Amino acid sequence: MKRYRDIAGDGGSNILQQVAAQRERVDARLSQIGRVVAVLSGKGGVGKSTLTANLAAAWALQGLAVGVLDADLNGPSMATMLGVRRQTFHLTPEGVAPAVGPLDIRVMSMDGFLPSDGTPVTWDGPSRGTFIWRGTMEMSVLREFVSDTAWGPLDLLVVDLPPGNERLPHLTDIIPTLAGVVVVTIPTEVSQLVVNKTLTVAKTTGVPILGLVENMAGYVCSSCNAVGGLFEGGEVSALAVAHGVPFLGSTPFDGRIARQSDGGVPFVIEHGETPAGRAILAIAESLRSVLGLTSTDSP
Amino acid sequence: MKFLCVACDQPMVVHENLGIDQGAMTVVFACPTCEWRMGMLANPEETQMARSLGVEVAGGGESKCTFMEMIQEAMASSRPGAIAPEGADTPHWTPEATARLERVPSFVRGMLKKSIEDLAREKGVTTVDDVLMDEASSTLGM
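Treat the numbers as computed from the prediction; the structure is a model and nothing was measured. (Residues numbered from 1 in each chain as written. Chains lettered and ligands numbered in written order. Predicted model: local features only at pLDDT ≥ 70, side-chain atom pairs only at ≥ 80, totals over all residues. Heavy atoms only, no water.)

Describe the overall build of chain A, and please don't skip the residues or the numbers.
Counting its secondary structure elements, chain A contains 10 helices and 11 strands. Its C-alpha atoms give chain A a radius of gyration of 20 Å, within 12% of the compact-globule value 19 Å for 299 residues. Dimensions of chain A along its principal axes, counting C-alpha atoms only, are 75 × 45 × 40 Å. The proportion of buried residues among the 299 residues of chain A is 58%. Split by element, the accessible area of chain A, about 11600 Å² in all, is 54% carbon and sulfur. In chain A, which carries 22 positive and 28 negative side-chain charges, the distance between the mean positions of the two groups comes to 5 Å. (Helix = DSSP H or I, 4+ residues; strand = E, 2+ residues; numbered from the N terminus. Rg over C-alpha atoms; globule rule 2.2 N^0.38 Å. Buried < 20%, exposed > 50% of the residue type's maximum accessible area, 1.4 Å probe, protein only. Areas by Shrake-Rupley, 256 points an atom, 1.4 Å probe, with all protein chains shown as cover. Lys, Arg positive; Asp, Glu negative; His and termini not counted. Charge placed at Lys NZ, Arg CZ, Asp CG, Glu CD.)

Listed below in structure tokens is the structure:
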């Protein structure tokens, strides 16, 4: 009697053909995008999304065409941080046009699909066994965000991943050509303990780790720009060395970063000359160099 | 998942997809040699699993070009009009409104223009003028 592998194809269900068609749509869209970079941290609350918005703005300030994909489906924040919460997406023959943020940063976020601030993302489906299909549903939505958004030619698409380590392998399934990941931690021992695991997971995916960023490394006085202590913790650069990945730098906390994020204009646009602004711009410049990007790289 | 006709040692093929009823999918498979048929009755969780992949058993025959189909169809609660239909009119800008927009810092001009045009569509007006700009000033925090 024949066994599973003796039968070619998918038994006439056409599912493999449909999955291949989905793959082709993703590939076609990615062919217009120079590099895709993900920002990741196993630990929540380390400023990952804030860094994503500011890196995107820093690259846009450098003349690059930048898009931001908010992969945090259940806690989307990119629409707020990039000032596009009131925008409507528009259907075009090429796909769904993304929202347009400062410096013409193109943004796709689940936030735009939710009817109110207090509405969580929920899916139609059987109430039992949601653990069986919810992850698959979210993967499919992420795939649609990549393939069905009319990003246009981009130098860089930055993906803001939700906290946790499990999303990166999912993202690499959708975007096998991911150029790399930026891993974020804060100085505390707790954060570094979690991010230590994040770095291990990232290495197992085979995606290049572009480097580790230490966020909230000290506190900037908004009056005199002096930097004082904030968190205790071990040397983050040592964690980078232990994993053999680049240490990209430290960014101090500045209260204006939060205000700018809430206001929808990334901090580096208006405060690039401050200690935190300079640190973020330097990280962006370093990453741009590693990625081999110039503003003329648009495909 | 593949089905085999044990008597003929032949892989069965999809004969008919009877669709989804009360969340459960029914697909009829047939042996191409002896024509023996069997029904695959998936429970709602299994049906939902296939749906979550964005595929349909025996589907995909016609070329689909619906964008963000999964998001639009599967969200239990979504913002009406989150995606404006193709060809939604672009409002006309009066010279006065254009001049006001040009006084806004360049790094936010693009996003503000789109937000104001969305506001115009929301209000059902076809022209962005001083009156709408005044309203946008308060609602969009210009």
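Any details on the side chain of R79 of chain B? Residues and values, ideally.
Tracing the backbone through its elements, the reader meets R79 of chain B in the loop between helix 2 (69–74) and strand 6 (83–84). Buried charged residue R79 of chain B carries no salt bridge. Nearest counter-charge: E122 of chain B, at 6.2 Å. Engagement of the side chain of R79 of chain B in a polar contact is seen with the backbone oxygen of Q87 of chain A, the distance being 3.2 Å. A polar contact of 2.9 Å, which involves the side chain of R79 of chain B, links it to the backbone oxygen of G112 of chain A. (Salt bridge = Lys/Arg side-chain N within 4 Å of Asp/Glu carboxyl O. Polar contact = N/O pair within 3.5 Å; in protein donor to acceptor, adjacent residues only side chain to side chain.)

I'd love a proper account of the interface of chain A and chain B, names of residues and values included.
Counting residues at the interface gives 65 residues for chain A and 58 residues for chain B. Run the count over chain A and chain B and you get 1 salt bridge. The closest approach of N and O atoms between D9 of chain B and K2 of chain A, which form a salt bridge, is 3.8 Å. At the surface where chain A touches chain B, the tally comes to 29 residue pairs in polar contact (both at pLDDT 80 or more). If you list the elements that add at least two residues to the side of chain A that touches chain B, you get helix 1 (15–30), strand 3 (89–92), strand 4 (95–97), helix 4 (130–147) and helix 9 (267–271) of chain A. Classifying every residue of the side of chain A that touches chain B gives 28 nonpolar, 24 polar and 13 charged. As defined by bridge partners, strand 3 of chain A adjoins strand 6 of chain B across 2 bridges and the pair is classed as parallel. By the bridge assignment for strand 6 of chain B, F89 of chain A is matched with I83 of chain B. (Contact = heavy atoms within 4.5 Å. Nonpolar A, V, L, I, M, F, W, Y, C, P; charged D, E, K, R; others polar. Pairing = 2+ DSSP bridges.)

Would you mind going over the packing of aromatic side chains in detail, with residue names and values included?
Counted under the stated rule, the structure contains 4 aromatic pairs over all chains. An angle of 25 degrees between the planes, with centres 5.0 Å apart, marks the rings of F89 of chain A and F113 of chain A as stacked. A residue pair is termed long-range when its members are at least 10 positions apart, and F89 of chain A in strand 3 and F113 of chain A in the loop between strand 6 (106–108) and helix 4 qualify at 24 residues. Neither residue differs from the other here; F89 of chain A and F113 of chain A are each classed as buried. One aromatic cluster is present, formed by F89, F113 and F145 of chain A through successive ring pairs. Over the aromatic face of Y4 of chain A sits the side chain of K2 of chain B, whose NZ or CZ is 3.9 Å from the ring centroid. (Phe/Tyr/Trp six-rings, centres within 6.5 Å; stacked < 30°, edge-to-face > 60°. Lys NZ or Arg CZ within 6 Å of the ring centre and 35° of its normal.)

Tell me what's going on with helix 5 (residues 130–139) of chain B, and back it up with residues and numbers.
All names here are of chain B. Listing the buried residues of helix 5 in full gives L132, M133 and A136. Down the axis of helix 5, the buried side of the element spans an arc of 100 degrees, and every buried residue falls inside it. Looking at helix 5, the residues exposed on the side facing more than 90 degrees away from the buried face are V131 and S138. Residues of helix 5 that are buried sit in contact with strand 7 (92–93), helix 3 (95–102), helix 4 (106–123) and strand 8 (127–128). One side-chain oxygen at the N-terminal end of helix 5 lies 3.2 Å from the backbone nitrogen of V131; it belongs to D129. (Arc of directions from axis to C-beta.)

Run through the sheet that holds strand 4 of chain A, naming residues and quoting values.
One open sheet accounts for 3 strands, arranged 4(A)-3(A)-6(B); its pairing is mixed. The open sheet is flanked by strand 4 of chain A together with strand 6 of chain B, the only strands paired with a single partner. Bridge count between strand 3 of chain A and strand 4 of chain A: 3 bridges; the pairing is antiparallel. Its bridge partner being in strand 4 of chain A, T92 of chain A is matched across the sheet by G95 of chain A.

Break down the sheet that holds strand 5 (residues 37–41) of chain B for me, citing the residues and quoting the values.
Residues and elements named next belong to chain B. Taken together, the 3 strands give an open sheet; going across it, the order is 3-4-5, and neighbouring strands pair in antiparallel fashion. Each end of this open sheet is capped by a strand with a single partner; those strands are strand 3 (13–21) and strand 5. In this sheet, adjacent strand axes meet at a mean angle of 20 degrees when their direction is disregarded. Relative to strand 5, strand 4 (residues 24–30) runs antiparallel, the two sharing 5 bridges. Within the sheet, the bridge partner assigned to F29 lies in strand 5 and is M38. (Axes fitted to C-alpha atoms, helices over the stretch in contact; angles between N-to-C directions.)

A description of the environment of V290 of chain A should follow, citing residues and the corresponding values.
Residues and elements named next belong to chain A. Considering the arrangement of structural elements, one finds V290 in helix 10 (residues 275–291). Residue V290 is classed as exposed on the basis of its relative accessible area, which comes to 52%. Separated by 80 residues in the primary sequence, V290 and L210 place their C-alpha atoms 7.6 Å from one another.

If you had to explain the pattern of salt bridges to someone new, which residues and values would you point to?
Charged atoms that come close allow side chains of opposite charge to pair. Residues and elements named next belong to chain B. Tallied over the full model, the rule gives 15 salt bridges over all chains. A salt bridge links E117 to K113, with the shortest nitrogen-to-oxygen separation between them at 3.1 Å. On the criterion of helical spacing, the pair formed by E117 and K113 is a turn pair, its members being 4 residues apart in helix 4. For E117, a relative accessible area of 9% translates into the label buried. What makes K113 partly exposed here is its relative accessible area of 34%. K123 is paired through a salt bridge with E135; the nearest N and O atoms lie 3.2 Å apart. Of this pair, K123 sits in helix 4 while E135 sits in helix 5, and the two are 12 residues apart along the sequence. Take K123: its relative accessible area is 42%, and that puts it in the partly exposed class. Residue E135 is classed as partly exposed on the basis of its relative accessible area of 28%.

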